[in-house]
Amino acid sequence: MKFFLVVIALASALLLAASPWENLASLLPPLAAFVLVLVTRAAWLGLLTGGLCGAILLAGGHLREGMVRYMEDGIFAALEGPWHIGALLFTLLLGAFAAVLERSGGLAALFQGGAFEASPTARKKLQFSALGAGFVCFFDGLANSLLLGRVMKPLADRVGVSRVKLAYIADSTGSALACIAFISTWIASQLSYIQKGLENSSLSSAPAAYALFFQSIPVNFYCLFTLLLLLASLYWQWNPGPMKRFEESAASAFFQDEAVPSLPRSQAWRALLPLGVLAGGIVSLFYFWDQAQPFPVTLEKLREGFSGSAGPYALTVGSGLALLVASACLPGPDPWKQASEAAREGAAAFLSPLLILVLAWAFGNMLSGLGTAETLAAALGDRLPLAWFPALVFTLAACTSFFTGSSWGTMGLLMPLALGSLFAFGDTSEGELLALLPAVIGAVFGGAVFGDHCSPFSDTTIVSAIACGVEPMDHVRTQLPYALTAAGISLALGYGSMGLGGPAWLGLVLGSLVLVAIPWLAAKPKKGGEPSPTAPV
């Protein structure tokens, strides 16, 4: 932590020295926010303090006028418009949906069928079953971690899969999948960050927020590489560092002290039907919302639907319909009473993240008024080639998220700075900005997820560990080698290849080949014909 604070201080000093004197004040709010977030690990406190500092500067140093300006131009302005209101409503509705879906027992029934015995084949089968469960719970990272822990932990104990390995699967499929899924508890916030950044852009015709989100997925190297590394590691049973010791111990002496709940597989429809309504309803609403002549369905009409203004309406209405269907699918004599209780609990779990979201919007408004992004771009413009900007953004986002443990806080801090700085970058053509815009967005999202995976302060890290019955620091130690591998290859081969002038697809291909090669080489037979203990069965 001290080392990181020293690096931040030195980098800040260089930026301040390189900036015009009259613009120094615009850098103080983000610096105050960064330092407070890193020291206190409270994202809301850093965002609130940074926003207030910016408002007071905009008010000429007057405290009362600054507070009024913060409320009017920051908080109140952040609660206006369909994108912002839609983001808040959708997140609350989907949090309630996840809680009701878990209460139904449908997902548990879906993944607890089948016989498992303690054997290498069963261990591998169980790990891929957990991976499949993670992909079914694409809509929320925390719900994914909780479900996998509760449902799969007794089965993992039965077949000799270590609980830390289960926690790694749950954590890696949670945030990484939710970050790139077009229907998740993250998507409304992600779209609102992008939309906010586009409002102050210099582009004559900026793409829609949803279109940019889809374009950022192929250059969100960390999330894609995390999922690919997870798949390759399970197939070749690659267990680096402390994970190998835990896996060997679990395989040789597994637990028998917990009864595996018996759930009829016929109950799986209670989860599959609401999930189908959620995905199908939102996609259909995107298509039909603004279409005057929806038939015949064409690719161009689909593209227009996802690039139009239907986003906040489709997400909110679709998740509301799915919540009603999930409530109706609850077992028991009074499903609506159970649904009401579960929905309240699920929505309440997202009040703290939504507070961070609103404070991030207000913080972005203050930075926009101060021209902070323009100052940063002017300081970096002559010193950093534009092609290396996504690599810098990813590094800063990864460090911030690791030392704060907050993916949402990291996105709220960095997205307005990153996009604003990109648009203010020297004499850059609009074509160059549009080509690099998805990579910058992907770098912010991917870097934010890195800390969400392996930071000891991250709620997802802690929930994954607790749900799987392991100590949080054991989960951090065993997950860190995987996360660092994915992050290092993302930086070196993903954003690094772009910095050297290569296309994004080249970085994706090179990184994928290396990530597959690492577990494959580790699983090759040893010299003399002895098979590797991590070889696939």
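Residues numbered from 1 in each chain as written. Predicted model: local features only at pLDDT ≥ 70, side-chain atom pairs only at ≥ 80, totals over all residues. Heavy atoms only, no water.

**Notes on the overall build of the protein chain**
Helices and strands together make up the secondary structure of the protein chain, namely 25 helices and zero strands. Of all 537 residues assigned to the protein chain, the portion counted as buried reaches 54%. Of the roughly 21400 Å² that the protein chain leaves accessible, carbon and sulfur atoms contribute 67%. (Helix = DSSP H or I, 4+ residues; strand = E, 2+ residues; numbered from the N terminus. Buried < 20%, exposed > 50% of the residue type's maximum accessible area, 1.4 Å probe, protein only. Areas by Shrake-Rupley, 256 points an atom, 1.4 Å probe, with all protein chains shown as cover.)

**Notes on the environment of alanine 130**
Looking at the secondary structure, you find alanine 130 in helix 7 (residues 120–136). Residues contacting alanine 130, with those up to four places away along its chain left out, are Leu148, Met152, Leu166 and Ile169. (Contact = heavy atoms within 4.5 Å.)

**Remarks on the packing of helix 22 (residues 430–454) against helix 24 (residues 472–499)**
Interhelical geometry of helix 22 versus helix 24 gives an angle of 165° and a closest axis separation of 9 Å. Classed by the angle they form, the pair helix 22 and helix 24 counts as roughly antiparallel. Considering how the two elements wind past one another, helix 22 and helix 24 form a crossing that is left-handed. When helix 22 is examined against helix 24, the residues Leu436, Ala439, Gly442, Ala443, Phe450, His453 and Cys454 are found in contact with a partner set consisting of His475, Val476, Gln479, Leu480, Ala483, Leu484, Ala487, Tyr495 and Met498. (Axes fitted to C-alpha atoms, helices over the stretch in contact; angles between N-to-C directions. Parallel < 35°, antiparallel > 145°, perpendicular 65-115°, else oblique. Left-handed = near helix turned anticlockwise from the far one by under 90°.)

**Comments concerning the side chain of glutamine 479**
Following the sequence through the fold, glutamine 479 ends up in helix 24. Overall, the relative accessible area of 1% leaves glutamine 479 in the buried class. Here the side chain of glutamine 479 touches aspartate 171 through a polar contact of 3.4 Å, side chain to side chain. A polar side-chain atom of glutamine 479 sits 3.0 Å from the main-chain carbonyl oxygen of histidine 453. Non-local contacts of glutamine 479, meaning those with residues more than four positions away in its chain, are made with Ala167, Tyr168, Asp171, Ser172, His453 and Cys454. (Polar contact = N/O pair within 3.5 Å; in protein donor to acceptor, adjacent residues only side chain to side chain.)

**Overview of the confidence of the model for the protein chain**
Predicted coordinates in regions of low pLDDT should not be interpreted in detail. Of the residues in the protein chain, 81% reach a pLDDT of 70 or more, and the chain-wide mean stands at 79. Taken element by element, the protein chain is modelled with least confidence in helix 1 (residues 2–18), mean pLDDT 48, and with most confidence in helix 12 (residues 221–236), mean pLDDT 94. In this model, residues 13–22 is a region of pLDDT below 50 whose contacts with residues beyond four sequence positions or in other chains number 13 contacts. Scored below 50 in pLDDT, residues 530–537 shows 25 contacts in the model against residues more than four places distant or in partner chains. (pLDDT = per-residue confidence, 0-100.)

**A short note on unusual backbone geometry**
With phi around 50°, glutamine 237 is a residue other than glycine that occupies positive phi space. Tracing the chain through its elements places glutamine 237 in the loop between helix 12 and helix 13 (242–252).

**Side note on the pattern of salt bridges**
Under the definition given, this model contains six salt bridges. Taking the shortest distance from any N to any O, the salt bridge between arginine 103 and glutamate 345 comes out at 3.7 Å. One end of the pair, arginine 103, is in helix 5 (residues 82–104); the other, glutamate 345, is in helix 17 (residues 335–348), and 242 residues separate them in sequence. Of the charged contacts in the structure, one is a salt bridge between glutamate 247 and lysine 165, with a shortest N-O distance of 3.8 Å. Of the two residues, glutamate 247 is situated in helix 13 and lysine 165 in helix 9 (residues 163–180); the sequence distance between them amounts to 82 residues. In terms of burial, glutamate 247 and lysine 165 fall into one category: buried. Each of Arg103, Glu341 and Glu345 takes part in a single network of salt bridges with overlapping partners. (Salt bridge = Lys/Arg side-chain N within 4 Å of Asp/Glu carboxyl O.)

**Structural notes on the packing of aromatic side chains**
Throughout the structure, instances matching the rule amount to 13 aromatic pairs. With 5.9 Å between their ring centres and 65° between their planes, phenylalanine 213 and phenylalanine 214 make a pair best called edge-to-face. The structure contains a cluster of three or more aromatic residues connected by ring pairs, namely Phe221, Tyr222, Phe225, Phe394, Phe402, Phe450 and Tyr495. (Phe/Tyr/Trp six-rings, centres within 6.5 Å; stacked < 30°, edge-to-face > 60°.)

**Here's the deal with the environment of leucine 359**
Counting through the fold element by element, leucine 359 comes out in helix 18 (residues 351–370). For the pair leucine 359 and glycine 50, spaced 309 residues apart in sequence, the C-alpha separation works out to 9.6 Å. Apart from residues no more than four positions distant in its own chain, leucine 359 is found in contact with Trp44, Leu47, Leu48, Tyr70 and Ile75.

**Considerations on helix 18**
For an α-helix, the turn length of 3.6 residues means that residues three or four places apart are oriented alike. When the terminal C-alpha atoms of helix 18 are compared, their 29 Å separation across 20 residues agrees well with the 28 Å that a helix rising 1.5 Å per residue should span. Taking burial as the measure, the 20 residues of helix 18 include 14 buried ones, the bulk of the element. The positive-phi residue at the C-terminal boundary of helix 18 is glycine 371, with phi of around 75°. (Expected span 1.5 Å × (residues − 1).)

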